[in-house]
Amino acid sequence: MLTELKQHVARRLGLTPEEVFDGRPLSAVLVASPTAINSIDLLDAFAGALADTGFDDDVELPTMTLDHTAEDVVQALGRQLAPTAS
Amino acid sequence: MLIMTDIVGELRAGATITDVLRVQQSYHEQRRWSSDELFDGRRLTRPGESDKAALWHAARAELTTQPAGIRLAVDGVRLAHEIRESNPLGSDVLHVAAAWSARYWLEEEAHHEVSFGRLMEMAGIDPIETEEVVEHRGAFPTDNYARVCILQACVEIEACVSYQHAARTSGDELVHDVFHTIMKDEVQHRQYFAAFAKALVESGVYPVKDVLSMAYTWIRPDGGETYGSTREAQTERQGFVNWWERIRTDEDDFALGDDALHEGSVHARKLSSVFALVREVTGIETRSYEDLKRAYFASLRTNDVDRIRSAVRRGAGAAAALAR
């Protein structure tokens, strides 16, 4: 489930999952992305990935700053989705 | 004389950029007021602590309009040139928006900056230090133009509601008049930004999602921009100031009370104004944060407004059924 989510996040940012989820802060993901400009594009990527995977009704996007990593965000989403998945 | 809210309709019916700008100019001239005349011979009589807190914030907030206006003017013309051949209608819209920012928005906001600064000092508050003025002039970052229009419309909503609250609760006639006069300008500015965002979507420059993403970002309960400095997590800004992230609360000098920020009728008015903004710009009815969230997520799958409306209705219906 989270693997699929990560793939959609990366695709929406024009990067590979390895580039997005290698532990770099979201500020560095923004720099690497050929399409994203700012935190709203990151929001679009995570929200869009949730929509792609059909989980958008089940979760709230966590608060994120550019100091967080993409993994932080996905883990926070995973904690919300855990009851749904089980 | 009213603001032209259907810019694309007017342009499609044969209006030119020049025609639209003449309407803007007439409206501007009709609504102008003089800060010198507003203050002429008047003194503060009963400025309260809440008046001083409101002035401390408003005087600083208004400083940041100039870099935002310059950014919209410069980026609007640049983008208009970039898409001139591929989307002449959208290019016209951008020229109209850029001209309004450069001419009227900046000029009108100058009245606000000067009036609030002047009144703040009359209330015995220290003038804003030059370094702080310079910091608030930091270059506003480039972004998607439709998102910036919605951001600015939301900022104008914050200003409208806050200034209306300050005017209503003040016991001082001059404080009331200054806040009330400026609040009426901010209502017009919000309308202009809504009209530009609507026109940018209708002319195909940007998809609906860019309107919804910014509105969602503004009001989302966990970390939304409207919660400003009270949010747990803050992104450090480099080179510019988002004034709503600098709001003083709790025990700070000149702190604003919760009743002026995120509670009761003030907060409810901010939210309902953002929902009205979304309806005006996209034609999508949202009445709650949950509706807006559904609309935003649906817009990430489709740009079809009818399908987004259906997703909002379906989601609201499912939630109501669950609640029963």
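Residues numbered from 1 in each chain as written. Chains lettered and ligands numbered in written order. Predicted model: local features only at pLDDT ≥ 70, side-chain atom pairs only at ≥ 80, totals over all residues. Heavy atoms only, no water.

K.L.:
Got a minute to help me understand the overall build of chain A in this structure?
P.N.:
In terms of helices and strands, chain A carries five helices and zero strands. Counting helices and strands in the order they occur from the N terminus, chain A gives α-α-α-α-α. Taken over the C-alpha trace, chain A has a radius of gyration of 12 Å; the compact-globule value for 86 residues is 12 Å, and the two agree within 12%. Dimensions of chain A, computed from C-alpha atoms along their principal axes, come out at roughly 35 × 20 × 20 Å. The buried share among the 86 residues of chain A stands at 49%. Within chain A, contacts between residues separated by at least 24 positions form 52% of all contacts whose residues are at least 6 apart in sequence. For chain A, the exposed surface amounts to about 3800 Å²; the carbon and sulfur share of it is 50%. Taken together, the 5 basic and 14 acidic charged side chains of chain A have centroids lying 4 Å from each other. (Helix = DSSP H or I, 4+ residues; strand = E, 2+ residues; numbered from the N terminus. Rg over C-alpha atoms; globule rule 2.2 N^0.38 Å. Buried < 20%, exposed > 50% of the residue type's maximum accessible area, 1.4 Å probe, protein only. Contact = heavy atoms within 4.5 Å. Areas by Shrake-Rupley, 256 points an atom, 1.4 Å probe, with all protein chains shown as cover. Lys, Arg positive; Asp, Glu negative; His and termini not counted. Charge placed at Lys NZ, Arg CZ, Asp CG, Glu CD.)

K.L.:
Explain the overall build of chain B to me, please; I cannot follow it from the model alone.
P.N.:
When you go through chain B residue by residue, the secondary structure sums to 13 helices and zero strands. For chain B, the succession of helices and strands along the chain, N to C, is α-α-α-α-α-α-α-α-α-α-α-α-α. Rg of the C-alpha trace for chain B: 20 Å, near the compact-globule value of 20 Å for 324 residues, within the 12% margin. If you line up chain B on its principal axes, its C-alpha atoms span 55 × 55 × 40 Å. Put simply, chain B has 324 residues, and 56% of those count as buried.

K.L.:
Help me out: how do you make sense of the side chain of B:His112 in this one?
P.N.:
All names here are of chain B. Structurally, His112 can be placed in helix H6 (residues 88-122). The exposure class assigned to His112 is buried, which follows from its relative accessible area of 0%. Within the local environment of His112, its side chain forms a polar contact with the backbone oxygen of Glu108, the two atoms lying 3.4 Å apart. (Polar contact = N/O pair within 3.5 Å; in protein donor to acceptor, adjacent residues only side chain to side chain.)

K.L.:
I would appreciate a short explanation of a negative patch on the surface in the present structure.
P.N.:
A cluster of acidic residues, B:Asp250, B:Glu251, B:Asp252, B:Asp253, B:Asp258 and B:Asp259, forms a negative patch at the surface. Among the structural elements, B:Asp250 can be located in the loop between helix H10 (208-219) and helix H11 (264-282). (Patch = residues over 30% accessible without salt bridge, like charges linked within 9 Å, V, L, I, M, F, W, Y side chains within 5 Å. Salt bridge = Lys/Arg side-chain N within 4 Å of Asp/Glu carboxyl O.)

K.L.:
What is the right way to look at the side chain of A:Asp44 in this model?
P.N.:
You can see A:Asp44 is positioned in helix H4 (residues 39-53). Residue class for A:Asp44 comes out buried when judged on its relative accessible area of 6%. At a separation of 2.8 Å, a polar atom in the side chain of A:Asp44 contacts the side chain of B:Lys209. At 2.5 Å, the side chain of A:Asp44 and the side chain of B:Tyr296 are in polar contact. Contacts of A:Asp44, omitting those with residues within four sequence positions, involve A:Arg12, B:Arg147, B:Lys209, B:Asp210, B:Ser213, B:Tyr296 and B:Leu300.

K.L.:
How should the interface of chain B and chain A be read in this particular structure?
P.N.:
One frequently used descriptor of interface size is the decrease in accessible area upon assembly of the parts. Facing the 22 residues of chain B at the interface are 19 residues of chain A. It is B:Arg147, B:Phe297 and B:Leu300 in chain B that bury the most area against chain A; as a group they hold 27% of the surface buried on that side. The interface formed by chain B and chain A holds three salt bridges in total. Inspection of the region where chain B meets chain A yields 11 residue pairs in polar contact (both at pLDDT 80 or more). Going through the elements one at a time, H10 and helix H12 (289-299) of chain B are the ones with two or more residues in the side of chain B that touches chain A. Class assignment for the residues of the side of chain B that touches chain A results in seven nonpolar, seven polar and eight charged. (Buried area = accessible area lost by both parts, 1.4 Å probe. Nonpolar A, V, L, I, M, F, W, Y, C, P; charged D, E, K, R; others polar.)

K.L.:
Would you take a moment to explain the pattern of salt bridges for this structure?
P.N.:
Side chains that carry opposite charge are capable of pairing whenever their charged atoms lie near each other. One pass over the full model with this rule turns up 30 salt bridges over all chains. A salt bridge links B:Arg147 to A:Asp41; the nearest nitrogen and oxygen atoms lie 2.9 Å apart. Within this pair, whereas B:Arg147 is found in helix H8 (residues 145-169), its partner A:Asp41 is found in helix H4, the two belonging to separate chains. Here B:Arg147 and A:Asp41 have matching classes, each one buried. Across the pair B:Arg32 and B:Glu107 runs a salt bridge whose closest N-O atoms are separated by 3.5 Å. Taken as a pair, B:Arg32 in the loop between helix H2 (17-31) and helix H3 (35-39) and B:Glu107 in helix H6 lie far apart in primary sequence, 75 residues in all.

K.L.:
Even after reading the chapter, I still don't get the packing of H12(B) against helix H13 (residues 305-323) of chain B, so can you show me in this structure?
P.N.:
A pair of packed helices can be characterised by two numbers: the angle between their axes and the separation between those axes. Residue and element names in this part refer to chain B. In the contact formed by H12 and H13, the axes pass within 8 Å of each other and the chain directions differ by 135 degrees. Here H12 is positioned oblique relative to H13, judged by the angle of their axes. Seen along the crossing, H12 lies across H13 with a hand that is right-handed. Contact residues: Asp291, Arg294, Ala295, Ala298 and Ser299 in H12; Ile308, Ala311, Val312, Gly315, Ala316 and Ala319 in H13. (Axes fitted to C-alpha atoms, helices over the stretch in contact; angles between N-to-C directions. Parallel < 35°, antiparallel > 145°, perpendicular 65-115°, else oblique. Left-handed = near helix turned anticlockwise from the far one by under 90°.)

K.L.:
In this structure, what is going on with the confidence of the model for chain A? I would like to understand it.
P.N.:
Parts of the model with low pLDDT should not have their predicted coordinates read in detail. Here chain A shows a mean pLDDT of 90. Residues at 70 or above account for 95%. The secondary structure element of chain A with the lowest average pLDDT is helix H5 (residues 70-85) of chain A, at 84, and the one with the highest is helix H2 (residues 17-20) of chain A, at 96. (pLDDT = per-residue confidence, 0-100.)

K.L.:
Explain the state of the cysteines to me, please; I cannot follow it from the model alone.
P.N.:
All names here are of chain B. Within the structure shown, the criterion is met by zero disulfides over all chains. In this model Cys149 remains outside any disulfide bridge; the closest cysteine sulfur is found in Cys154, 11 Å from its own. Counting only cysteine sulfurs, Cys160 is the nearest neighbor of Cys154, a cysteine outside any disulfide, at a range of 11 Å. (Disulfide = S-S within 2.5 Å.)

K.L.:
Where do I start with H8(B) in this structure?
P.N.:
An α-helix turns once every 3.6 residues. As a result, residues three or four positions apart point the same way. Between its terminal C-alpha atoms H8(B) stretches 36 Å, which fits the 36 Å expected from 25 residues at 1.5 Å a residue. Burial runs high along H8(B): 21 of the 25 residues are buried. (Expected span 1.5 Å × (residues − 1).)

K.L.:
Mind showing me how you'd approach H11(B) here?
P.N.:
All names here are of chain B. With 19 residues, H11 should reach 27 Å at 1.5 Å per residue; the first-to-last C-alpha distance of 27 Å fits that figure. On its buried face, H11 sits against H8, helix H9 (173-202), H10, H12 and H13. Where H11 terminates, the next one or two residues include Gly283, which has phi positive at roughly 80 degrees.

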